[in-house]
Amino acid sequence: MKLKNLFFIAFAAIPMIGFSQSSVNTPPDNWQHLDKLKDGIMGVSADKMYNELLKGKSSETVIVAVIDGGVDPMHEDLKDVMWVNPGEIAGNGIDDDHNGFVDDVYGWNFIGNKNGENIHHDQLEITRVYKSYQDKFKNVDPASLSKKEKKEYDEYLALGEKIKEESEEATSNAAFYGGILNAINSVLDATGKESPTMDDLQKLDVKNDEKMAYAVQIVSGMLSEGQDIAETKEQLQGAVDYYGPQAEYYYNPDINPRKLVGDNYANSYEKNYGNNDVKGPDASHGTHVAGLIAATRDNGKGMNGIADNVKIMALRCVPDGDERDKDVANSIIYAVDNGASVINMSFGKSHSWDKKAVDKAVKYAMKNDVLLVHAAGNSNQNNDEDSNYPNDKFEKKGLFGPKKAKNWLEVGALSWKGGEDAVAPFSNYGKENVDLFSPGVDVYSTMPDGGYAKMSGTSMASPVAAGVAAVIRSYYPELSATQVKDVLMSSTVATKNAKVKKPGSKTELVPFSDLSVSGGTINSYEAMKKAATVKPKKKKNKWRSSGKKVSGSPDGKKSRA
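The rules we used
Along each chain, residue indices are assigned from 1 in the same order as the chain's sequence is written. pLDDT decides what is reported in this predicted model: residues at 70 or higher carry local features, side-chain atom pairs at 80 or more are listed and counted, and totals for whole chains, interfaces and linings draw on all residues regardless. Excluded from the side-chain calculation are hydrogens and water; included are all heavy atoms of the structure. A run of DSSP states H or I qualifies as a helix once it reaches four residues; a run of E qualifies as a strand once it reaches two. Both are numbered from the N-terminal end. Radius of gyration: C-alpha atoms only; globule rule: 2.2 Å multiplied by the number of residues to the exponent 0.38. With a 1.4 Å probe rolled over the protein chains alone, any residue whose accessible area is under 20% of its type maximum counts as buried; one over 50% counts as exposed, and the rest are partly exposed. For accessible areas, the Shrake-Rupley method is used with a probe of radius 1.4 Å. Any residue's cover is judged against the shown protein chains and nothing else. The term salt bridge refers to a side-chain nitrogen of Lys or Arg lying within 4 Å of a carboxyl oxygen of Asp or Glu. N or O atoms closer than or at 3.5 Å make up a polar contact, with two conditions inside protein: a donor-capable atom paired with an acceptor-capable one, and, for residues adjacent in sequence, both atoms drawn from side chains. We call two residues in contact when some of their heavy atoms are within 4.5 Å. Stacked, tilted and edge-to-face pairs are distinguished by plane angle, under 30 degrees for stacked and over 60 for edge-to-face with tilted covering the rest, among Phe, Tyr and Trp rings (Trp via its six-membered ring) whose centres lie within 6.5 Å. Only when the NZ atom of a Lys or the CZ atom of an Arg is both within 6 Å of the ring centre and within 35 degrees of the ring normal do we say a charge sits over the ring. Confidence scores labelled pLDDT are given residue by residue by the predictor and lie between 0 and 100. Two strands form a pair only when DSSP identifies at least two bridges running between them. Every angle, taken between N-to-C directions, lies between 0 and 180 degrees, and every axis is a line fitted to C-alpha atoms, over only the stretch in contact when it is a helix.

Within the protein one finds 14 helices and 13 strands. By the compact-globule yardstick of 24 Å for 561 residues, the protein fits well, its C-alpha radius of gyration being 24 Å. The C-alpha extent of the protein, read off along each of the three principal axes, is 80 × 65 × 55 Å. The buried share among the 561 residues of the protein stands at 56%. Of the roughly 24100 Å² that the protein leaves accessible, carbon and sulfur atoms contribute 48%.

With that out of the way, let us pick up the pattern of salt bridges. As enumerated under the stated definition, the model contains 23 salt bridges in all. A salt bridge links Asp154 to Lys150; the nearest nitrogen and oxygen atoms lie 2.9 Å apart. With Asp154 and Lys150 both in helix H4 (residues 147-191) and 4 residues apart, the pair spans about one turn of that helix. In this structure, the salt-bridge partner of Asp449 is Lys279, at a minimum N-O distance of 2.9 Å. In this pair, Asp449 sits in the loop between strand S10 (443-447) and strand S11 (451-455) while Lys279 sits in the loop between helix H7 (229-250) and helix H8 (284-294), placing the two residues 170 residues apart along the sequence.

This next bit is on the side chain of Ser480. For Ser480, the position within the fold is in the loop between helix H11 (458-475) and helix H12 (481-490). Here Ser480 falls in the buried class, since its relative accessible area comes to 8%. In terms of polar contacts, Ser480 uses its side chain to reach the side chain of Thr482, at 3.1 Å.

You can see Asp97 is positioned in the loop between strand S3 (62-68) and strand S4 (107-109). Within the structure, Asp97 has its side chain in polar contact with the side chain of Asn85 (distance 3.0 Å).

What follows deals with H12. A large share of H12 lies buried, amounting to 7 of its 10 residues. For H12, the complete set of buried residues consists of Ala481, Gln483, Val484, Lys485, Val487, Leu488 and Met489. Looking at the buried side of H12, the elements it contacts are strand S7 (371-375), strand S8 (408-414), strand S9 (436-439), H11 and helix H13 (524-531).

Here we come to the packing of aromatic side chains. Given two aromatic rings, one states the distance between the centres and the angle between the planes to describe the pair. For the structure on display, the rule yields 17 aromatic pairs. Each ring, one from Phe101 and one from Tyr334, has its centre 5.2 Å from the other, and the planes form 80°; the classification is edge-to-face. Of this pair, Phe101 sits in the loop between S3 and S4 while Tyr334 sits in helix H9 (residues 325-337), placing them 233 residues apart in sequence. On the basis of relative accessible area, Phe101 is assigned to the buried category, the value being 7%. On the accessibility criterion, Tyr334 (2% relative accessible area) is buried. One aromatic cluster is present, formed by Trp83, Phe101, Trp108, Phe110, Tyr273 and Tyr334 through successive ring pairs. Between Lys48 and the ring centre of Tyr525, over which it is positioned, the NZ or CZ distance is 4.3 Å. Just above the ring of Phe394 sits the side chain of Lys363; from NZ or CZ to the centre is 4.7 Å.

The next subject is the confidence of the model for the protein. Residue-level pLDDT values for the protein average 90, and 91% of them are 70 or greater. Note on residues 3-24: pLDDT is under 50 here. Beyond four places in sequence and across chains, it has 72 contacts. This stretch, residues 556-561, has a pLDDT under 50; its non-local contacts, to residues over four places away or in other chains, come to 14 contacts.

Turning next to the sheet that holds S8. Pairing is parallel in the open sheet, where 7 strands are placed in the order S4-S5-S3-S6-S7-S8-S9. The strands lining the two open edges of the sheet, one partner per strand, are S4 and S9. Adjacent strand axes in the sheet meet at a mean angle of 30° when their direction is disregarded. In the packing of H9 onto the sheet, the strands contacted are S3, S4, strand S5 (310-316) and strand S6 (340-345), and the crossing angle to S6 comes to about 155°.

Written out as structure tokens, the structure is:
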């Protein structure tokens with residue numbers, strides 16, 4: 001699932017995807033680029049890096065794949081930095097490069113069909129797992145089950161309770177906020193104004209209309225508290241848009257949106273399905289992510305990305321709901337096959353359907369020297385104790401095989417506030433399973449159709465880190481993916497003996513160094529200084545910047561590329 005952002009209205013705290021935040025107390029729009037010593041805000045020191053370290057230095061163009069819910073390739077700040085498949089002729093309906101994907105000009109969409117239709121909403125993975133158990137255990141006698149089956153049966157019951165509870169809450173919230181929204185709309189219709197005043201409300205005749213009387217009472221209360229009706233209406237619509245799909249899709253085991261794609265879902269190694277619509281029905285999240293990495297720098301428009309010489313490859317596999325492992329694996333493989341040096345993955349979930357397929361794709365990326373950057377999650381959980389998928393731990397370890405992916409960077413979210421509030425209150429953390437922290441609160445970036453907005457989440461922290469990694473790979477292309485990770489980890493910045501509020505707590509203070517492996521915050525200036533001192537372990541890999549395809553695939557078969 002696209003990792004959610006947070007906003008607040010007068011009635012309750014509502015999590016939402018892609019909400020443009022506004023507050024009296026907000027940072028500069030470029031805070032992720034700033035330097036703690038020079039600017040007083042703990043950004044990644046990107047401006048300092050460019051001004052003091054990179055002037056006059058040459059770099060190579062590298063490809064960064066954004067696996068997400070969609071990217072708007074025509075955005076004014078992105079159109080010049082989009083990867084364009086050199087082997088494909090746009091719009092001719094022919095698979096020119098014979099890779100199995102027709103007109104894959106900017107990338108590929110694994111959650112659509114050949115007719116151009118796209119999945120927008122889908123279930124959560126826990127619902128899919130529950131459904132598989134339901135088909136197996138619905139009418140069985142528990143006493144007849146084996147020890148292994150009994151364990152699955154107990155999980156089936158536990159998931160059923162969780163799904164029921166969450167579904168009821170989502171349904172209740174959708175109805176509650178929908179009711180308030182309808183009340184506001186009825187008053188706006190009656191007054192004929194988008195921002196009615198108390199005088200406008202007093203002119204309405206509500207003596208014989210209980211519903212209208214209730215609606216007027218609600219709007220009157222908002223006005224008396226100084227609320228902006230238009231803004232509140234927008235926030236309420238966001239709440240309805242958030243909870244409505246939850247009630248209808250997330251926790252509904254009786255639907256199957258996947259039918260639209262038309263693939264053989266049971267075959268995790270099937271590749272050639274989907275379509276070339278990389279934008280999809282809602283590209284807010286992915287467009288924001290792409291801009292943080294690579295929005296055209298110093299063009300006088302909007303904002304600057306972290307990296308100055310990269311191309312964004314768009315891969316759509318994340319719906320409003322949980323992504324499917326088959327699509328994640330295929331997105332990683334596509335990115336590797338088409339020359340990506342860095343892959344950003346701002347999504348996650350609590351269960352995995354086919355971790356083996358994802359693990360194979362991760363190993364494929366590791367074999368081909370591709371760095372994977374992943375958001376740690378927004379549940380303020382300890383990832384050392386609770387699972388967050390995908391992750392760098394291989395399910396099948398073997399006697400001699402690696403236990404963890406060495407090309408994987410797990411990123412938590414940093415706030416601009418500093419001090420005890422330096423870590424985002426929603427961010428996941430983990431001394432063993434989160435590598436470092438990166439700016440992820442009130443971060444300004446691109447939105448579809450030429451827009452810009454601030455969003456919060458580890459979804460934002462991950463692409464900022466991916467942007468720093470891309471700069472290293474661009475200016476020091478001879479360094480391997482594992483060396484780039486080592487550089488990033490060994491150059492983090494942290495205040496000595498600093499204590500911060502533990503994510504999820506308003507009062508408990510913990511050492512910042514205990515929340516991640518590195519104990520610090522990513523810093524591009526320090527990372528580039530460090531990179532300059534590292535001796536390369538590999539020969540220069542020219543095909544990555546040229547776009548030449550690789551020759552193998554993770555299932556052991558010859559690549560169609």
